[in-house]
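# Structure assessment
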Amino acid sequence: CEGDACEDGFAAWVSMLQTDRARVLTTDHGAKLSPLPPYEHYWPRRGGNARMSSSTPFKAPSNFSAGPSWVWKNELDEQVRHSPLIDRDRNVYVTTATRMRKFSRNGDLLWTWQAHPSHGKITMAPALYNSTVFAVAGAETGQSHIYSIDLASAKVNWVKSHNLFIPPDANSLFAYNDTLILPTKNVGLNTYSGGGCNKLVALDAHDASQLWEYQLDDLVWNTAAATPGDGSLLVATNCGGVVKISWDGKLIWKSGTSNTGKFCSTGGGALGEDGVYYTEYNDPEATTHGSQAVIAAYQVTDGMLLWNMTFDYEGWQYPAVGRLGDNGPLAVVAAIGGITQLPGKDADRLEKLAELAGKPVSLPNAVVAIDAASRHVIWRFEEQPWNSLVAAGDTMERF
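Okay, so let's go over this structure.

The rules behind these values
Residues numbered from 1 in each chain as written. Predicted model: local features only at pLDDT ≥ 70, side-chain atom pairs only at ≥ 80, totals over all residues. Heavy atoms only, no water. Helix = DSSP H or I, 4+ residues; strand = E, 2+ residues; numbered from the N terminus. Buried < 20%, exposed > 50% of the residue type's maximum accessible area, 1.4 Å probe, protein only. Contact = heavy atoms within 4.5 Å. Areas by Shrake-Rupley, 256 points an atom, 1.4 Å probe, with all protein chains shown as cover. Patch = residues over 30% accessible without salt bridge, like charges linked within 9 Å, V, L, I, M, F, W, Y side chains within 5 Å. Salt bridge = Lys/Arg side-chain N within 4 Å of Asp/Glu carboxyl O. Pairing = 2+ DSSP bridges. Axes fitted to C-alpha atoms, helices over the stretch in contact; angles between N-to-C directions. Disulfide = S-S within 2.5 Å. Polar contact = N/O pair within 3.5 Å; in protein donor to acceptor, adjacent residues only side chain to side chain. Core = buried A, V, L, I, M, F, W, Y, C linked by side-chain atoms within 4.5 Å. Lys, Arg positive; Asp, Glu negative; His and termini not counted.

### Focus on the overall build of the protein
Within the protein, the regular secondary structure consists of two helices and 25 strands. Among the 399 residues that make up the protein, the fraction classed as buried is 52%. At a minimum sequence separation of 6, the contacts of the protein that also span at least 24 residues come to 53%. On the protein, roughly 17900 Å² of surface is accessible, and the fraction owed to carbon and sulfur atoms is 50%.

Next comes the structure, spelled out in structure tokens:
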């Protein structure tokens, strides 16, 4: 970082999250990515930018010995399942199931907004856009309530309701080109798994009036759409399919595996600056207890599969794609390994398996970085195995 972005440690930490700036790119695969308009906010959505790449041109700190700059103690013990957002002034927005809080870059609470109690829970990640933050309440109620909230004051500009079913898992609102892309579910189709989405609905960002909808033929989990800036949208389905549609909701191409009738993964896709869409999922042909992570690369122009790689651990996450260092290679970074679940039924399954085996049984986890051009594994970091199917601190009482 340079200049006032480095005036203190916290500013440097925040500025590392700034989204990629617009560039015209001609790729090795014949795709020419249109320049994306530069976001005015540092981290306006989950995934950071319009490509959902989770990448940044800024360097992260490597020495954390001094501890955090500030801490929000979550005094109400609320569930937080969304990416924090960071606006143009480096203010941080943290969203829970019913509230959104705005903190200054020094950790001062600037305001708290709460959804109307009758509107249900917020399970969809919000999005910053211009001078507004958009939020959606109403998970699993059959009604979606879209809020337009003023960034400065937390005043509700408007709230509009639609008869749209919002699944309970952590999908993401996408605000782009004066349009809100809302992942929803047609409950009459693909009901074999409850948390995913099978429909994209486009709303006008000025008043939430509906523009179009697109019915997918498979579930997308933790939906987070991406765009190359060419008037199209990309999403990855949970068993390895990829769909590209136009900005008016028309199919351009489909690729990969789709409509399997199975639940494979909660993973998805991220778009690289090379005009390639990278996905992570579990091999749909593998058994439940023998799942293997697949990382695949698709050409944006026509959906052609460029390569795929299979790993020994499972794949439940969205990958990230970006440069490793100032002059480093373009890399796909993926978390692979086991997945935890809610406390309750079968939560002690690992302990029971350990008793039968006479030795500890745990969930393995790793992070791998893959050279996007050569497919060479640049590095692999093995985390300590986790000996529970439940995340630390999760209990039935807290739910």
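Next comes the rest of the description.
### Structural notes on a nonpolar patch on the surface
A grouping of Ile378, Trp379 and Phe381 is seen on the molecular surface, where their side chains present a nonpolar patch of about 280 Å² in accessible area. The residue Trp379 is located in strand β25 (residues 377-382) in this model.

### A word on the sheet that holds strand β20 (residues 293-299)
Ordered by their spatial adjacency, four strands build an open sheet running β18-β19-β20-β21, and the pairing between neighbours is antiparallel. Two strands in the sheet have a free side with no partner beyond their single neighbour: β18 (269-271) and β21 (305-310). Geometrically, the sheet is characterised by an average inter-axis angle of 15° between neighbouring strands, direction not taken into account. Where strand β19 (residues 276-282) lies against β20, seven bridges are found, and the strand directions are antiparallel. Directly across from Tyr278, in β20, lies its bridge partner Ala297.

### Let's talk about the state of the cysteines
Evaluation of the coordinates by the stated rule reveals one disulfide. Each sulfur of the disulfide joining Cys239 and Cys264 lies 1.9 Å from the other. Disulfide Cys239-Cys264: the torsion about the S-S bond is 90°, which places it as right-handed. You can see Cys239 sitting in the loop between β15 (232-236) and β16 (241-246) and its partner Cys264 sitting in the loop between β17 (251-256) and β18, a full 25 residues away along the chain. You'll find Cys239 and Cys264 in the same group, each marked buried.

### Some words on unusual backbone geometry
With phi around 60°, Met52 is a residue other than glycine that occupies positive phi space. Tracing the backbone shows Met52 in the loop between β2 (32-33) and β3 (85-86). Taking the relative accessible area as the measure of exposure, Met52 reaches 2% and is therefore buried. One non-glycine residue, Asp77, lies in positive phi territory at about 55°. Looking at where Asp77 falls in the secondary structure, it is placed in the loop between β2 and β3.

### Observations concerning the pattern of salt bridges
Inspection of every chain in the model, using the stated rule, returns eleven salt bridges. Residue Arg380 is joined to Asp312 by a salt bridge in which the shortest nitrogen-to-oxygen separation is 3.2 Å. Note that Arg380 is positioned in strand β25 and Asp312 in the loop between β21 and β22 (320-323), a separation of 68 residues in sequence. Taking relative accessible area as the criterion, Arg380 reaches 33% and is therefore assigned partly exposed. Exposure remark for Asp312: the relative accessible area of 51% places this residue in the exposed category. Each of Glu78, Arg99 and Arg101 takes part in salt bridges that share partners, so that together they form one network.

### Let's talk about the environment of Trp70
Within the secondary structure, Trp70 sits in the loop between β2 and β3. Remark: the alpha-carbon pair of Trp70 and Gly107, spanning 37 residues in sequence, is separated by 5.7 Å. One polar contact links the side chain of Trp70 to the main-chain carbonyl oxygen of Arg105, over a distance of 3.1 Å.

### With respect to the sheet that holds strand β6 (residues 109-114)
Reading across from one edge, β3-β4-β5-β6 is the order of the four strands in this open sheet, with antiparallel pairing throughout. Bordering the open sheet on either side are β3 and β6, each of which pairs with just one other strand. Pairing of strand β5 (residues 99-103) with β6, which is carried by five bridges, proceeds in the antiparallel orientation. Within the sheet, the bridge partner assigned to Phe103 lies in β6 and is Leu109.

### Digging into the nonpolar core
Ranked by internal contacts, the top residues of the largest apolar core, which has 31 residues, are Phe174, Leu233 and Tyr277. Within the second largest apolar cluster, 19 residues are counted, among which are Tyr278, Ala293, Ala297 and Ile336.

### Looking at the pairing of strand β12 (residues 179-184)
Most of β12 sits inside the fold, with six of its six residues counted as buried. With burial as the criterion, each face of β12 is covered, one bearing Thr179, Ile181 and Pro183 and the other bearing Leu180, Leu182 and Thr184. Note that strand β11 (residues 174-176) and β12 share three bridges and pair antiparallel. Of the residues in β12, the one forming a bridge with Phe174 is Ile181. Hairpin geometry of β11 and β12 is characterised by an intervening segment of two residues between the two adjacent antiparallel strands and by a positive phi of about 55° at Asn177. Relative to strand β13 (residues 197-204), β12 runs antiparallel, the two sharing six bridges. Within β13, the residue paired with Leu180 across the bridge is Leu203.

### Observations regarding the side chain of Asp274
Mapped onto the secondary structure, Asp274 falls in the loop between β18 and β19. The side chain of Asp274 sits in the buried core without any salt bridge; Arg323 is the nearest counter-charge, 7.4 Å away. A distance of 2.5 Å separates a polar atom in the side chain of Asp274 from a polar atom in the side chain of Tyr278.

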